[in-house]
Amino acid sequence: MAVWEILKYPHPMLKRRSEKVERIDEETRRMVEDMTETMYHANGIGLAACQIGISRRVIVLDVSPIDPEHDLFAMINPEVISEEGEIDHEEGCLSVPDCFEKVKRREKICVRGLSPDGKEIEVVGEGILAFALQHEIDHLNGIIILDRMSRLKREIYRNKVKKEKRKGEID
Ligand SMILES: [Zn+2]
């Protein structure tokens, strides 16, 4: 297992739609292990493959620090089957540091996909599990929380990152 570098906004990889996994093999399973270790290392509750630079539809989630009823799991090619309700949820992202904002989420969703050993799995999530699933599936579609915020808030964050980058270049 290995800890990978987590790509940060505005890395172009975060805007790309990830590709479907056609064949689950040893490499896929190794990737899931690395993603899990990287997520834990960063104290995150979810990670999408594109966040470590791999354009594949794979996510790992462990929301147990917030909701102990759910354990670690990985999902390959997740698809939203049904969703209901709407709520503003304040969230952050390992790829968008120092940004916590309210985004619109569904209250409850049902997601179907494959486990790392190729079995079909279905997860019904409410609360943090539902939000985390939507957040990670967003990543697979090239969407980050900034895209779900108001234009003004997005601009403020964008300018802050630009300024920090400039400062870094001068120092
Ligand atoms: Zn994220």
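Provided above is the structure to which this section pertains.
Residues numbered from 1 in each chain as written. Predicted model: local features only at pLDDT ≥ 70, side-chain atom pairs only at ≥ 80, totals over all residues. Heavy atoms only, no water.

Right, let's talk about the coordination of the zinc ion for a bit. Protein coordination at the zinc ion comes from Cys-93 (SG), His-135 (NE2) and His-139 (NE2), with a distance range of 2.1 to 2.2 Å. Donor residues for the zinc ion, ordered by position in the chain, follow C-x41-H-x3-H. Taken together, the residues His-135 and His-139, both in helix α2 (residues 128–140) and four residues apart, mark about one turn of the helix. The class for His-135 is buried, based on a relative accessible area of 8%. Among the residues examined, His-139 registers a relative accessible area of 0% and is labelled buried. (Donors = N, O, S within 2.8 Å, 3.2 Å for Na, K, Ca; no water. Helix = DSSP H or I, 4+ residues; strand = E, 2+ residues; numbered from the N terminus. Buried < 20%, exposed > 50% of the residue type's maximum accessible area, 1.4 Å probe, protein only.)

On to helix α3 (residues 151–170), then. The terminal C-alpha atoms of α3 lie 29 Å apart, and with 20 residues this matches the ideal 28 Å at 1.5 Å per residue to within 8%. Buried residues of α3: Arg-154, Tyr-157 and Val-161, and no others. Buried residues of α3, viewed axially, fall in a sector of 70 degrees; they line one side. Exposed residues pointing more than 90 degrees away from the buried face of α3 are listed as Arg-151, Leu-152, Ile-156, Lys-163, Arg-166, Lys-167 and Ile-170. (Expected span 1.5 Å × (residues − 1). Arc of directions from axis to C-beta.)

What follows covers the environment of Lys-102. Tracing the sequence through the fold places Lys-102 in strand β5 (residues 96–105). Sequence spacing of Lys-102 and Ile-145 is 43 residues, and the spatial spacing of their C-alpha atoms is 8.9 Å. Discounting chain neighbours no more than four positions away, the residues touching Lys-102 are Asp-88, His-89 and Glu-90. (Contact = heavy atoms within 4.5 Å.)

Counted by the stated rule, this structure contains one aromatic pair. Between the aromatic rings of Tyr-9 and Tyr-157, the centroid separation amounts to 5.9 Å while the plane-to-plane angle is 55 degrees, which identifies the pairing as tilted. Of this pair, Tyr-9 sits in the segment before α1 (26–41) while Tyr-157 sits in helix α3, and the two are 148 residues apart along the sequence. Assigned by exposure class, Tyr-9 and Tyr-157 land together as buried. (Phe/Tyr/Trp six-rings, centres within 6.5 Å; stacked < 30°, edge-to-face > 60°.)

Time to look at the environment of Leu-146. By the secondary structure assignment, Leu-146 is in the loop between α2 and α3. A sequence separation of 40 residues divides Leu-146 from Arg-106, and the C-alpha atoms of the two residues are 17 Å apart. Discounting chain neighbours no more than four positions away, the residues touching Leu-146 are Tyr-9, Val-96, Cys-99, Arg-154 and Tyr-157.

Where charged atoms from two side chains of opposite charge approach closely, those side chains can pair. Tallied over the full model, the rule gives 13 salt bridges. For Asp-88, the salt bridge is made with Lys-104, and the minimal N-O distance between the two is 3.1 Å. Taken as a pair, Asp-88 in strand β4 (residues 87–93) and Lys-104 in strand β5 lie far apart in primary sequence, 16 residues in all. Asp-88 gets classed as partly exposed once you look at its relative accessible area, which sits at 42%. The partly exposed category is assigned to Lys-104, whose relative accessible area is 49%. Glu-155 serves as the salt-bridge partner of Arg-158, at 2.9 Å between the closest nitrogen and oxygen. Of this pair, Arg-158 and Glu-155 both sit in helix α3, three residues apart, which is roughly one turn of that helix. On the accessibility criterion, Arg-158 (30% relative accessible area) is partly exposed. The structure contains a network of salt bridges with shared partners spanning Glu-91, Arg-105, Asp-138 and Arg-148. (Salt bridge = Lys/Arg side-chain N within 4 Å of Asp/Glu carboxyl O.)

Turning to the sheet that holds strand β6 (residues 108–114), a few remarks are in order. In spatial order, the strands read β1-β2-β3-β6-β7; together these five strands make up an open sheet with antiparallel pairing. Where the open sheet ends on each side, the last strands, each with one partner, are β1 (46–48) and β7 (120–126). Each adjacent strand pair in this sheet contributes to an overall mean axis angle of 40 degrees, direction not counted. Summarising the sheet, β6 and β7 pair through seven bridges and their orientation is antiparallel. Within the sheet, the bridge partner assigned to Cys-110 lies in β7 and is Val-124. Strand contacts of α1: β1, β2 (58–61) and β3 (73–84), with the helix running at about 40 degrees to β2, the strand carrying the most contacts. (Pairing = 2+ DSSP bridges. Axes fitted to C-alpha atoms, helices over the stretch in contact; angles between N-to-C directions.)

That's the geometry; what it means functionally is another story.
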